[in-house]
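Summary of the model geometry
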Amino acid sequence: MSDRNLAKIGVIAWREFRHTALTKAFLFGAVILPIGMMGMLLVLPLLFASQFKPLIGEVAVVDSTGSFAGAFDALVVERRDRDRSGDAEEVIRRLGIDDRGGMLSGGIAAAAEDAAVGEVTATDFKPNSDDLVERLKKEARDGRWIAVAVIPEELLDEADATEEQKAPMIDLFLPKETSPRHGDEISDLIRSTTVRVRFSAAGDDFERVQTMLDRPTVDVRRLGSEAGKESGDSKLRMLIPFGFMMLLWIATFTAGNFLLTSTIEEKSNKVIEVVLSAVGPLQLLWGKILGLALVSLVILITYGGLAIAGIAALALTELLSITVLLWAVVFFLIAYFTVAALMAAIGSAVNELSEAQTFMAPVMVVLIVPMLLWMPISENPNGTLAVVASMLPPILPFAMVMRIGAATDPVPVWQLLLSTGIGIGSVVGLVWAASRIFRVGILMQGKPPSPLELIRWIRQA
Amino acid sequence: MSSNCIDLGEVAKTFGGTRAVRDLNLQIPSGSLCGFLGPNGAGKSTTIRMIMSIIRPDRGSLRVLGGDALDHKDRIGYLPEERGVYRKMKVADYLRYIGRLKGVDAASLRKLITESLERIGLPGVEKKRCEELSKGMQQKVQFLAAIIHKPELIILDEPFSGLDPVNAMLLHDLIRELHDEGRTILFSTHVLHQAERMCDRIVMIDQGSKVLDDELETIRERFDPRTIIAEPLGDPAELSSLLKNAPEVESIEIDDEGRVHARLRQDIDADRVMAAAIAGGPLRSIERARTTLDEVFLHLVNRPLQHGAADPAEAAHV
């Protein structure tokens with residue numbers, strides 16, 4: 001192909017890119033919106049947390065032992081200390097996030113502090129008069145108490161807490177304005193206090209028993225193929241392959257969709273023949289495919305960059321390596337050209353977007369398969385199903401990025417190379433078929449072709 | 001190199017069961033302004049698309065500017081029948097895009113676009129989106145896009161459709177100007193009198209076959225009706241009987257509007273008959289009838305035209 005023809009492909013590609021990506025709608029929808037949403041995901045929990053009011057006030061407790069209020073107050077103090085940092089650290093540890101600096105847990109804890117149990121105390125009342133409970137309930141309505149709890153004596157009696165301990169129940173009266181969350185917290189505090197009081201009544205040390213019952217933390221390390229290459233185990237590991245696949249999906253299908261609509265638009269605007277008087281159909285096809293490849297790349301970089309920034313912020317970069325990212329780019333290109341060839345062929349064959357749906361349905365059915373394979377591939381990235389899926393066009397790029405994202409052991413190089421080879425071969429075949437459909441379809445008006453006619457176009461063109 | 005800009009030999013194209021073009025031979029000499037005429041569905045656009053290598057003929061030879069049109073796209077300007085613009089693009093961006101695709105360098109395009117827009121009566125629309133222009137204005141922008149690269153061969157498929165008389169006249173002048181600059185122009189139309197006003201050569205096709213291909217003057221001579229039409233102020237019957245006796249007159253008839261049609265014999269001096277008519281009494285008008293292309297076409301295909309411009313009664317004289 002001469003330099004002049006290549007230059008024309010460049011002109012078409014630039015127009016496609018400029019009129020797709022450098023528009024307010026695209027910048028807002030595909031770049032600013034996801035960045036904003038990511039920001040919201042981080043900020044919203046903090047905003048919500050700041051909306052929670054701390055639980056403050058006094059709880060009136062009717063119990064015959066008189067020991068409930070003391071145990072209740074002690075529990076509240078303990079809970080407050082734990083909420084300030086302990087919960088956040090535990091959540092982060094469970095997620096497998098390395099937060100040695102404590103930056104993350106500190107931040108979450110600071111935000112959660114207001115939402116934690118506040119200044120709550122309990123006051124004991126001996127059930128010495130018949131109208132005591134009614135009086136306390138009236139006082140609660142007037143705002144004196146945040147709750148009135150009536151603890152049956154047998155619940156706190158160690159001797160009776162064996163056979164029939166489940167029979168009696170605690171009565172808890174709350175003012176109607178109490179939030180459900182505060183109701184749950186008070187209920188939980190009272191139930192936990194009941195257990196502690198039972199231990200005291202039996203003469204046991206609750207703290208000691210609790211320590212004994214505490215299940216120890218396990219630090220899981222995955223053994224690499226070489227000594228010293230141990231990696232941390234993380235629940236996020238499951239999300240990495242899904243993230244890879246979704247990234248590929250979003251980047252290729254968004255750009256593919258633009259390719260479809262721009263081709264249909266050129267047909268319905270009747271500008272296509274003007275353009276074809278200046279360039280050949282193949283130049284037009286390649287210009288469009290390459291221009292929208294840039295659009296796809298912008299989407300990939302935006303979303304992928306956000307994901308990598310997130311991973312780096314969580315100090316999980318060990319989950320990704322440069323090699324993995326480079327292979328991801330190779331399979332991104334295979335995925336993009338696969339989707340682009342399909343979309344260009346469909347776009348050229350139809351006259352309206354609604355007609356395209358007929359052809360889109362089977363394409364989508366095939367390309368939705370990788371989503372269904374997420375769990376099995378993540379569980380066993382080098383299993384037979386995963387290996388076969390990663391060799392099967394047109395789903396192979398999606399399956400392979402899940403494998404390279406999920407593998408604790410790297411995917412064998414020969415499999416990567418074979419998959420790349422099959423991928424490139426299928427892309428060449430698809431682009432060839434698409435170009436033949438494009439050449440015929442782009443000037444066709446009227447009734448869209450049947451699948452059989454499409455095959456005839458491929459053979460005839 | 002051949003002096004023909006376009007050279008088609010036995011070209012045929014069939015769509016499904018429809019034979020759109022049948023063994024068409026067509027030679028368009030360089031520098032000519034040729035009208036490519038025929039009714040709707042005659043095969044004009046199919047032929048033009050084959051000339052442009054947008055579709056391929058089933059058989060036959062096809063040479064444009066001495067080779068394949070694909071190799072000379074930058075030397076050909078083409079305004080298709082099915083034409084449009086990128087609605088969301090600004091006018092200047094659209095023209096720049098087409099100009100770049102036609103091989104014009106980016107540096108010279110800015111000035112060229114501004115000047116060309118002024119020439120077609122659309123100054124200052126560079127920054128407007130194409131969708132903001134009226135249909136007629138879009139038509140002119142499309143025409144400009146076809147010639148922005150100053151091509152040596154210009155092919156216009158129904159260039160006047162959708163234009164009001166003022167803009168049609170403007171386009172007419174522009175086409176004449178381009179022709180005067182030495183460019184070869186082939187334009188199709190189904191409105192024959194437009195071609196009659198502009199072209200020096202006419203090609204007519206019907207149902208995919210060529211029915212006429214000649215210089216306009218030759219066609220006029222060949223299809224000269226040899227008729228004088230006189231409208232007397234007095235009784236048409238008197239003028240009719242006067243002219244009936246003249247030896248140059250072959251036949252005579254009076255139409256519904258009281259005009260006398262005197263058909264002349266071959267190779268006689270029409271001026272003498274006109275002088276005799278004027279001497280016979282006062283006349284409102286007298287003229288020598290000219291064959292319109294509508295009439296020629298009607299005669300050649302022996303059927304009424306779809307746009308109904310011709311009068312079958314007159315055509316019977318041809």
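So, how was this worked out
Residues numbered from 1 in each chain as written. Chains lettered and ligands numbered in written order. Predicted model: local features only at pLDDT ≥ 70, side-chain atom pairs only at ≥ 80, totals over all residues. Helix = DSSP H or I, 4+ residues; strand = E, 2+ residues; numbered from the N terminus. Contact = placed C-beta atoms within 7 Å. Buried ≥ 20, exposed ≤ 12 C-beta atoms within 10 Å, placed from the backbone. Pairing = 2+ DSSP bridges. Axes fitted to C-alpha atoms, helices over the stretch in contact; angles between N-to-C directions. pLDDT = per-residue confidence, 0-100. Domains from an automatic or database assignment. Nonpolar A, V, L, I, M, F, W, Y, C, P; charged D, E, K, R; others polar. Expected span 1.5 Å × (residues − 1). Bend = angle between axes of the 7 residues up to and from the residue. Parallel < 35°, antiparallel > 145°, perpendicular 65-115°, else oblique. Left-handed = near helix turned anticlockwise from the far one by under 90°.

1. Structural notes on the overall build of chain B
- What chain B contains, in helices and strands, is 11 helices and 13 strands.
- Restricting the contact set of chain B to residue pairs at least 6 apart, pairs at least 24 apart contribute 67%.

2. Some points on the overall build of chain A
- Regarding its fold elements, chain A presents 19 helices and six strands.
- Burial analysis of chain A (461 residues in total) assigns 34% to the buried set.
- Taking the contacts inside chain A whose residues are at least 6 apart along the sequence as the reference set, 79% of them involve residues at least 24 apart.

3. Some points on the sheet that holds strand β3 (residues 33-37) of chain B
All names here are of chain B.
- In space, the six strands of this open sheet follow the order β5-β6-β7-β3-β8-β9, with mixed pairing throughout. Unpaired on one side and paired on the other, β5 (76-79) and β9 (209-215) mark the two borders of the sheet. Each strand axis lies, on average, 15° off the axis of its neighbour in the sheet, ignoring direction.
- Judged from the four bridges that link them, β5 and strand β6 (residues 153-157) form a sheet pairing that is parallel. Of the residues in β6, the one forming a bridge with Ile-76 is Leu-153.
- Packing against the sheet, helix α4 (residues 135-147) makes contact with β5 and β6, and its axis sits at approximately 160° to β5.

4. Some words on the confidence of the model for chain A
- Per-residue confidence for chain A averages 81 on the pLDDT scale, and 83% of its residues sit at or above 70.
- Within chain A, strand β3 (residues 147-150) of chain A carries the highest mean pLDDT (91), whereas helix α4 (residues 103-113) of chain A carries the lowest (52).

5. With respect to the environment of Leu-264 of chain B
All names here are of chain B.
- By secondary structure assignment, the location of Leu-264 is in strand β12 (residues 260-264).
- Residue class for Leu-264 comes out buried when judged on the 22 C-beta atoms lying within 10 Å of it.
- Taking C-alpha positions, Leu-264 is 5.9 Å from Thr-227, a pair spaced 37 residues apart along the chain.
- If sequence neighbours within four positions are ignored, Leu-264 has contacts with Arg-226, Thr-227, Ile-228, Glu-248, Val-249, Glu-250, Ala-270 and Val-273.

6. Brief notes about the domain arrangement of chain B
- The assigned domain composition of chain B is domain 1 (4-221) and domain 2 (226-288).
- Its C-alpha centre places domain 1 of chain B at a distance of 43 Å from the equivalent point of domain 2 of chain B.

7. Quick look at the sheet that holds strand β11 (residues 249-254) of chain B
Residue and element names in this part refer to chain B.
- The four strands are arranged β11-β12-β10-β13 in an open sheet whose pairing can be described as antiparallel. At either end of the open sheet lies a strand with only one pairing partner, and these are β11 and β13 (283-288). Neighbour-to-neighbour, the strand axes of the sheet open up by a mean angle of 15°, direction not taken into account.
- Here strand β10 (residues 227-232) pairs with β12 via four bridges, running antiparallel. Across the sheet, the residue bridging to Thr-227 is Arg-263, located in β12.
- Each of β10, β11, β12 and β13 is contacted by helix α9 (residues 270-279), which is oriented at about 175° to β13, the strand it contacts most.

8. Let's talk about the interface of chain B and chain A
- In this assembly, 22 residues from chain B lie in contact with 17 residues from chain A.
- Of all the secondary-structure elements, those providing two or more residues to the side of chain B that touches chain A are α2 (91-101) and α4 of chain B.
- It is α2 of chain B that contributes the most residues to the side of chain B that touches chain A, four residues altogether.
- Across the side of chain B that touches chain A, the residue classes tally to 13 nonpolar, three polar and six charged.

9. Overview of unusual backbone geometry
- Here the amide bond leading from Pro-393 of chain A into Pro-394 of chain A is cis, since omega sits at 5°, within 30 degrees of zero.
- Among the structural elements, Pro-394 of chain A can be located in the loop between α16 (384-389) and α17 (396-406).
- Look at Ser-53 of chain B: it is not a glycine, yet its phi comes out positive at around 60°.
- Inspection of the secondary structure puts Ser-53 of chain B in the loop between α1 (44-51) and β4 (59-64).

10. Considerations on helix α13 (residues 353-367) of chain A
Residue and element names in this part refer to chain A.
- Taking 1.5 Å of rise per residue, the 15 residues of α13 would be expected to cover 21 Å, and the 19 Å separating its terminal C-alpha atoms lies within 8% of that figure.
- At Phe-359, α13 is bent by approximately 40°, the largest bend along its length, and proline Pro-362 sits one to four residues beyond.
- Listing the buried residues of α13 in full gives Ala-356, Phe-359 and Leu-367.

11. Structural notes on the confidence of the model for chain B
Residue and element names in this part refer to chain B.
- When the pLDDT values of chain B are averaged, the result is 85; 94% of them are 70 or greater.
- Note on residues 304-318: pLDDT is under 50 here. Beyond four places in sequence and across chains, it has 31 contacts.
- Two numbers describe this predicted complex: its pTM, 0.72, and its ipTM, 0.78.

12. Quick word on the packing of helix α1 (residues 3-21) of chain A against helix α11 (residues 281-313) of chain A
Residues and elements named next belong to chain A.
- Relative orientation of the contacting elements α1 and α11 amounts to 45°, with a least axis distance of 7 Å. In terms of their interaxial angle, α1 and α11 are classed as oblique. The way α1 lies across α11 gives a crossing that is right-handed. In contact with Asn-5, Lys-8, Ile-9, Ile-12, Ala-13, Trp-14, Arg-15, Glu-16, Phe-17, Thr-20 and Ala-21 of α1, α11 contributes Gln-283, Leu-284, Trp-286, Gly-287, Lys-288, Leu-290, Gly-291, Leu-292, Leu-294, Val-295 and Val-298.
- Of the residues assigned to the contact of α1 with α11, the class counts are 13 nonpolar, five polar and four charged.

13. Looking at the packing of α2 of chain B against helix α3 (residues 106-119) of chain B
All names here are of chain B.
- Remark: α2 packs on α3, axes separated minimally by 10 Å, with the N-to-C direction vectors making an angle of 135°. The orientation of α2 relative to α3 falls into the category oblique. Considering only the axes of α2 and α3, their crossing is right-handed. Of the residues in α3, those in contact with Ala-92, Leu-95, Arg-96, Gly-99 and Arg-100 of α2 are Ala-106, Leu-109 and Ile-113.
- Class assignment of the residues belonging to the contact of α2 with α3 gives a composition of five nonpolar, one polar and two charged.

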